[in-house]
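Coordinate analysis (summary)
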2 protein chains.
Amino acid sequence: MSPTTGQLRHKPRLIVHTGDGKGKSTAAFGLGLRGWAQGWSIGVFQFIKSGKWRTGERLAFEQLAAAHDATGVGGPVEWQCFGPGWTWLRSNNGVDQQSMAREGWEYVSEQLRTCTHGLYILDEFAHVIAKGWLDVDEVVSTLTARPGTQHVVITGRNAPREIIAAADLVTSMTKLKHPFDLGERGQAGIEW
Amino acid sequence: MSPTTGQLRHKPRLIVHTGDGKGKSTAAFGLGLRGWAQGWSIGVFQFIKSGKWRTGERLAFEQLAAAHDATGVGGPVEWQCFGPGWTWLRSNNGVDQQSMAREGWEYVSEQLRTCTHGLYILDEFAHVIAKGWLDVDEVVSTLTARPGTQHVVITGRNAPREIIAAADLVTSMTKLKHPFDLGERGQAGIEW
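These lines cover the structure that appears in this document, whether it is placed above or below.

Thresholds applied
- Starting from 1, residues in each chain are numbered consecutively following that chain's sequence as written.
- All chains are assigned letters beginning at A, and all ligands numbers beginning at 1, according to the order in which they are written.
- A pLDDT threshold of at least 70 governs which residues receive local features in this predicted model, and a stricter bar of 80 or more applies before side-chain atom pairs are shown or counted, although totals over entire chains, interfaces and linings include all residues.
- The side-chain numbers reported here are obtained from all heavy atoms of the structure, hydrogens and water having been left aside.
- When the copies are overlaid, the least-squares fit takes in C-alpha atoms only where the residue has pLDDT of at least 70 in both copies.
- For this analysis, residues touch if any pair of their heavy atoms sits within 4.5 Å.
- Ring pairs are drawn from Phe, Tyr and Trp, using the six-membered ring of Trp, whenever the two centres fall within 6.5 Å, and their geometry is named by plane angle: stacked under 30 degrees, edge-to-face over 60, tilted for the rest.
- Counting from the N terminus, the helices are DSSP H or I runs at least four residues long and the strands are E runs at least two residues long.
- Categorising residues by exposure relies on relative accessible area from a 1.4 Å probe, with only protein chains included: less than 20% of the type maximum marks a residue as buried, more than 50% marks it as exposed, and the intermediate range marks it as partly exposed.
- Take the buried residues of types Ala, Val, Leu, Ile, Met, Phe, Trp, Tyr and Cys, join any two whose side-chain atoms come within 4.5 Å, and each joined set is a nonpolar core.
- Here, a strand pair is defined by DSSP locating no fewer than two bridges between the strands.
- Angles run from 0 to 180 degrees between N-to-C directions of axes, and those axes are lines fitted to C-alpha atoms, restricted for helices to the stretch in contact.
- Whenever a carboxyl oxygen of Asp or Glu lies within 4 Å of a side-chain nitrogen of Lys or Arg, that contact is scored as a salt bridge.
- The term buried area denotes the loss of accessible surface (1.4 Å probe radius) that occurs when two parts are joined, taken as the sum for both partners.
- Here a polar contact is recorded for every N or O atom pair within 3.5 Å, except that within protein the pair must consist of a potential hydrogen donor and a potential acceptor, and residues adjacent in sequence are included only if both atoms are side-chain atoms.
- When residues are sorted by character, Ala, Val, Leu, Ile, Met, Phe, Trp, Tyr, Cys and Pro go into the nonpolar class, Asp, Glu, Lys and Arg into the charged class, and all the rest, Gly among them, into the polar class.
- Patches draw on residues past 30% relative accessible area with no salt bridge. Two like charges within 9 Å are joined, as are two nonpolar side chains (Val, Leu, Ile, Met, Phe, Trp, Tyr) within 5 Å.
- In these tables, accessible area is a Shrake-Rupley quantity obtained with a 1.4 Å probe, and a residue counts as shielded only by the protein chains included in the view.
- The convention is simple: Lys and Arg are positive, Asp and Glu are negative, and His and the chain ends are not counted.
- Charge positions are represented by NZ for Lys, CZ for Arg, CG for Asp and CD for Glu.

This brings us to the relation of the copies chain A and chain B. Mapping chain A onto chain B leaves a residual RMSD of 0.0 Å; the transformation is a rotation of 180 degrees accompanied by 0.0 Å of translation along its axis. Such a turn and shift between the copies fits a two-fold axis. Taking C-alpha positions as the reference, the residue of chain A nearest the rotation axis is A:Ala27, at 1.8 Å. Of the interface residues in chain A, 100% have counterparts in chain B that sit at the interface too, so the contact is made through matching surfaces.

All names here are of chain A. Evaluation of the coordinates by the stated rule reveals 20 aromatic pairs over all chains. Ring centres of Phe 45 and Tyr 120 lie 6.3 Å apart, and the angle between their planes is 25 degrees; on these two criteria the pair is classed as stacked. Separated by 75 residues along the polypeptide, Phe 45 in strand E2 (residues 42-46) and Tyr 120 in strand E4 (residues 119-123) bring together distant segments of the chain. The two residues Phe 45 and Tyr 120 agree in class, both being buried. Among the aromatic residues, those joined into a ring-pair cluster are Phe 45, Phe 47, Phe 82, Trp 105, Tyr 107, Tyr 120 and Phe 125.

In terms of nonpolar packing, the biggest core is built from 44 residues, with A:Leu33 and B:Leu33 touching the most fellow members. In this structure, A:Leu33 is in contact with A:Phe61, A:Leu64, B:Phe29, B:Leu33, B:Gly56, B:Glu57, B:Ala60 and B:Phe61, ignoring residues within four places of it in sequence.

The sheet built from 12 strands is open, its strands ordered E3(A)-E2(A)-E4(A)-E5(A)-E1(A)-E6(A)-E6(B)-E1(B)-E5(B)-E4(B)-E2(B)-E3(B) with mixed pairing. In this open sheet, the two edge strands, each paired with only one partner strand, are strand E3 (77-81) of chain A together with strand E3 (77-81) of chain B. Looking at each pair of strands side by side, their axes are set apart by 15 degrees on average, direction ignored. In the sheet, strand E4 (residues 119-123) of chain B pairs with strand E5 (residues 151-155) of chain B via 4 bridges, with the strands oriented parallel. Paired with B:Leu119 across the strands is B:His151, a residue of E5(B). Sheet contacts for helix H2 (residues 24-37) of chain A: strand E1 (14-18), E2, E3, E4, strand E5 (151-155) and strand E6 (169-177) of chain A; angle to E4(A), the most-contacted strand, approximately 165 degrees.

Here the idea is simple: oppositely charged side chains can pair when their charged atoms come close. Under the definition given, this model contains 12 salt bridges over all chains. B:Arg161 is paired through a salt bridge with B:Glu162; the nearest N and O atoms lie 3.9 Å apart. Salt bridges here are not isolated pairs; linked through shared partners, they connect A:Arg54, A:Arg58 and A:Glu62.

Taken together, the contact between chain A and chain B spans 57 residues of the former and 57 residues of the latter. Both faces considered, chain A and chain B share a buried interface measuring about 5,300 Å² in area, 59% of it formed by carbon and sulfur atoms. Applying the counting rule to chain A against chain B returns 2 salt bridges. We note a salt bridge from B:Glu57 to A:Arg34, for which the minimum N-O separation is 2.9 Å. The interface formed by chain A and chain B contains 23 residue pairs in polar contact (both at pLDDT 80 or more). Only helix H1 (5-8), H2, helix H3 (56-71), helix H7 (161-166) and E6 of chain A provide two or more residues apiece to the side of chain A that touches chain B. A per-class count over the side of chain A that touches chain B returns 27 nonpolar, 18 polar and 12 charged.

A few words on a negative patch on the surface. A surface patch of like charges, here negative, comprises A:Glu106, A:Asp135, A:Asp137 and A:Glu138. You can see A:Glu138 is positioned in helix H6 (residues 136-144).

Structure follows, in structure tokens:
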């Protein structure tokens, strides 16, 4: 039997945004808006950033989650930062980024096994794998084995070739021009 | 007198997302979330798309605008599509895309002159200029002369070199892998 149009339009995607340019994370959040509007549950998991610093994108998704709770529009949103301040297992003195990344990935792996979200944004996850903090083969096998139609977006520089091979859609954000090269500062509303 | 940190962090930016890859528009919408969270007025102007087709990103920004109106969080949002269905000057029979783009740019130019928004997302505008539908020198001179700290993001393939020269930050979204190349269909929540 041929698949229906609905089936053709709802295939699980593994999407990678890599490269040295700006726009990897913002493009993931833009996809998050589309998924949210479809009514999907959105999981945002930031592997490097501290949860103590509340970004504009987080504030916006909190408002979208509140709109969902109040009126049923869109989907729910979970947002976790697996950076300093996240884990309850150790103090923030002597923070061990690798352990936090591993705990974070275990947390996400369990959600993938149980189909918690419709879209997962794994922010800076490519960078974490490239650092060698996780076993890339285990990561690929968990991603590939995920059940249902869960979409996953991975961002970060230096995405390993195993991740690129496993992905359905890969975009490299390439820097052509950036004001930091001229010694300029990050801009409120642009960098966060 | 040296500029303050506040001044250094609030310089007007002209940002371009170009290239053949996915993520040009979604990254612009991600920036829109950051600007909205800063309390800026956000103007989204889509130069190709028809307003008749309501996208997920539009639904999400409508909710953010409603949150602003209700509680004062974030900023207001204006969203216009300068494609079929936009203009009131002619019927949709014999739609003239070039005239619609020109009217759209006049509309945006007037807003830039009067500082209507804090961030302008000119979606597919690079494509419109590359088509030769607008005078690129006039566009650059209007953008360069804009007063205040208005940020502008331009998306679209084939951004002309004059636009790239005038921009502060340019990213090329480069396609490494895309499921359309395998004959697959667009996905709900991913492509719109």
